[in-house]
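Chain by chain, the residues run as shown.
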Amino acid sequence: MEQNLLVTTRQQGKAWIIDLEGDITKTAETELLTLQTWDQGLPNNCSSLVLNFTAVTYINSLGIAVLIRIVRALYKAGCHSFAFGINQHYKKLFRMVGLTDYMTIYENEYSIIERIEGL
Amino acid sequence: MNRESIYSQQWSMTANYGNEKAVMSLVVATLEKQLQRVQWLAHVDDVRTVLAEACINGIEYGDGTPIKVSLHIHPHQFELEVINGVNSRQELSQQQASVDQLWQQENPRGWGLLLIRQLCDQMEYGYCQEGFYIRMRFLIKGEKYGAKFACDDETAGQSMDY
């Protein structure tokens, strides 16, 4: 029943973009936490992480815990975190758990890239 | 079955990750059928999340015991109850932690109960004879539920296993 999480990465300028597809649940511990040594920052001297939630269908508290660990580690490493493609309900959940204090949500990728270029 | 409710249904699920999604769909489908004329749809995503989180709590802490999910609809509210069969005391202190306290943890957990507390109109949890329960209530507005009494539904009051 649980839909696997597919993770693909790409780079645009100083942004390291992760395209997420499927469910962000306990499996995100394997798929996302092991993707990078997050407390050492981002690869290729990237300064910002961009998470694309456009193709994410379900997020639960176990997945949220993984996202928190990643953005918290990046914040300590001096990196910024952004996200787009999140529906109103999950935006609300992210606000409730304090995730939006560390991860800025935009409507689309273009707006985030513009913002990163201005940093 | 809750005596005061005018519609009740129960489901049972095995304690495996992902099963909460199936139960979530079944419960929401039942609510959609039963509350056709009542304004509750604004809460549908909240209902899905609180139910999923209560089931995940059962998967996490229930020692593999089956998880029982009940829906009780009353004239002005509906109630979801999720019970896992474990009788040993769970770490309730962790589950009552604030956002700031959770963020301080190396591996922050306990977000489920925090979300449930904020998304439903009323919640309570504790131990009953059957194990650990989480009870969540949503108020329903608009036309009073009951005009469409669900006696014609042959599944009313019965238990379904998943």
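Residues numbered from 1 in each chain as written. Chains lettered and ligands numbered in written order. Predicted model: local features only at pLDDT ≥ 70, side-chain atom pairs only at ≥ 80, totals over all residues. Heavy atoms only, no water.

(A) Spatial organisation of the interface of chain B and chain A. In this assembly, 28 residues from chain B lie in contact with 24 residues from chain A. Regarding the contact of chain B and chain A, the summed buried area is about 2,200 Å², with carbon and sulfur atoms giving 63% of it. Broken down residue by residue, the surface that chain B buries against chain A is led by Lys21, Trp103 and Trp111 of chain B, which jointly contribute 31%. Counting the contacts that link chain B with chain A gives 2 salt bridges. The salt bridge partner of Lys92 of chain A is Asp46 of chain B, with a shortest N-O separation of 2.8 Å. Breaking the side of chain B that touches chain A down by element, the ones donating at least two residues are α1 (19–34), α2 (44–61), α4 (99–104) and α5 (111–119) of chain B. When grouped by side-chain class, the residues that make up the side of chain B that touches chain A number 13 nonpolar, 7 polar and 8 charged. (Contact = heavy atoms within 4.5 Å. Buried area = accessible area lost by both parts, 1.4 Å probe. Salt bridge = Lys/Arg side-chain N within 4 Å of Asp/Glu carboxyl O. Helix = DSSP H or I, 4+ residues; strand = E, 2+ residues; numbered from the N terminus. Nonpolar A, V, L, I, M, F, W, Y, C, P; charged D, E, K, R; others polar.)

(B) Broad picture of the pattern of salt bridges. Overall, the coordinates contain 14 salt bridges over all chains when judged by the stated rule. Between Glu107 of chain A and Lys91 of chain A there is a salt bridge, and its shortest N-O distance comes to 2.9 Å. Of this pair, Glu107 of chain A sits in the loop between β5 (104–106) and α4 (109–117) while Lys91 of chain A sits in helix α3 (residues 88–96), placing them 16 residues apart in sequence. Residue class for Glu107 of chain A comes out exposed when judged on its relative accessible area of 61%. We note a salt bridge from Lys68 of chain B to Glu130 of chain B, for which the minimum N-O separation is 1.9 Å. With Lys68 of chain B in strand β3 (residues 67–73) and Glu130 of chain B in the loop between β5 (122–128) and β6 (131–139), this residue pair connects regions lying 62 residues apart in the sequence. A relative accessible area of 24% means that Lys68 of chain B is categorised as partly exposed. Linked through salt bridges whose partners overlap, the residues forming this network are Glu79, Glu81, Glu124, Arg135 and Arg137 of chain B. (Buried < 20%, exposed > 50% of the residue type's maximum accessible area, 1.4 Å probe, protein only.)

(C) Representation of the side chain of Ser8 of chain B. Residue and element names in this part refer to chain B. You can see Ser8 is positioned in strand β1 (residues 7–13). Overall, the relative accessible area of 4% leaves Ser8 in the buried class. Within the local environment of Ser8, its side chain forms a polar contact with the side chain of Ser5, the two groups lying 2.7 Å apart. A polar side-chain atom of Ser8 sits 2.7 Å from a polar atom in the side chain of His72. (Polar contact = N/O pair within 3.5 Å; in protein donor to acceptor, adjacent residues only side chain to side chain.)

(D) Focus on the packing of α1 of chain B against α2 of chain B. Residue and element names in this part refer to chain B. Where α1 contacts α2, the two axes come as close as 9 Å, and the packing angle between them is 140°. With respect to each other, α1 and α2 are oriented oblique. Between α1 and α2 lies a crossing of right-handed hand. Along its contact with α1, which presents Glu20, Val23, Met24, Val27, Val28 and Leu31, the element α2 presents Val44, Val47, Arg48, Leu51, Ala52, Cys55, Ile56 and Ile59. Its residues placed into classes, the contact of α1 with α2 shows 12 nonpolar, no polar and 2 charged. (Axes fitted to C-alpha atoms, helices over the stretch in contact; angles between N-to-C directions. Parallel < 35°, antiparallel > 145°, perpendicular 65-115°, else oblique. Left-handed = near helix turned anticlockwise from the far one by under 90°.)

(E) Region of the structure containing the nonpolar core. Judged by nonpolar contacts, the single largest core of 80 residues is most densely connected at Phe53 of chain A together with Phe78 and Met136 of chain B. Once residues within four sequence positions are removed from consideration, Phe78 of chain B is found in contact with Leu31, Leu35, Trp40, Val47, Leu71, His72, Ile73, Met136, Arg137, Phe138 and Ile140 of chain B. Membership of the second largest hydrophobic core comes to 8 residues, among which are Val50, Phe82, Ile113 and Ile116 of chain A. (Core = buried A, V, L, I, M, F, W, Y, C linked by side-chain atoms within 4.5 Å.)

(F) Layout of the sheet that holds strand β4 (residues 80–84) of chain A. All names here are of chain A. Spatial strand order, β1-β2-β3-β4-β5: 5 strands in an open sheet with mixed pairing. A single partner strand is all that each edge strand has here, and the edge strands are β1 (6–12) and β5. This sheet shows a mean twist of 25° between the axes of neighbouring strands, independent of strand direction. Bridging between strand β3 (residues 48–59) and β4 involves 5 bridges; their strand directions are parallel. Looking at β4, one finds that Leu49 is bridged to Ser81. (Pairing = 2+ DSSP bridges.)

By themselves, these figures tell us nothing about what the structure is for.
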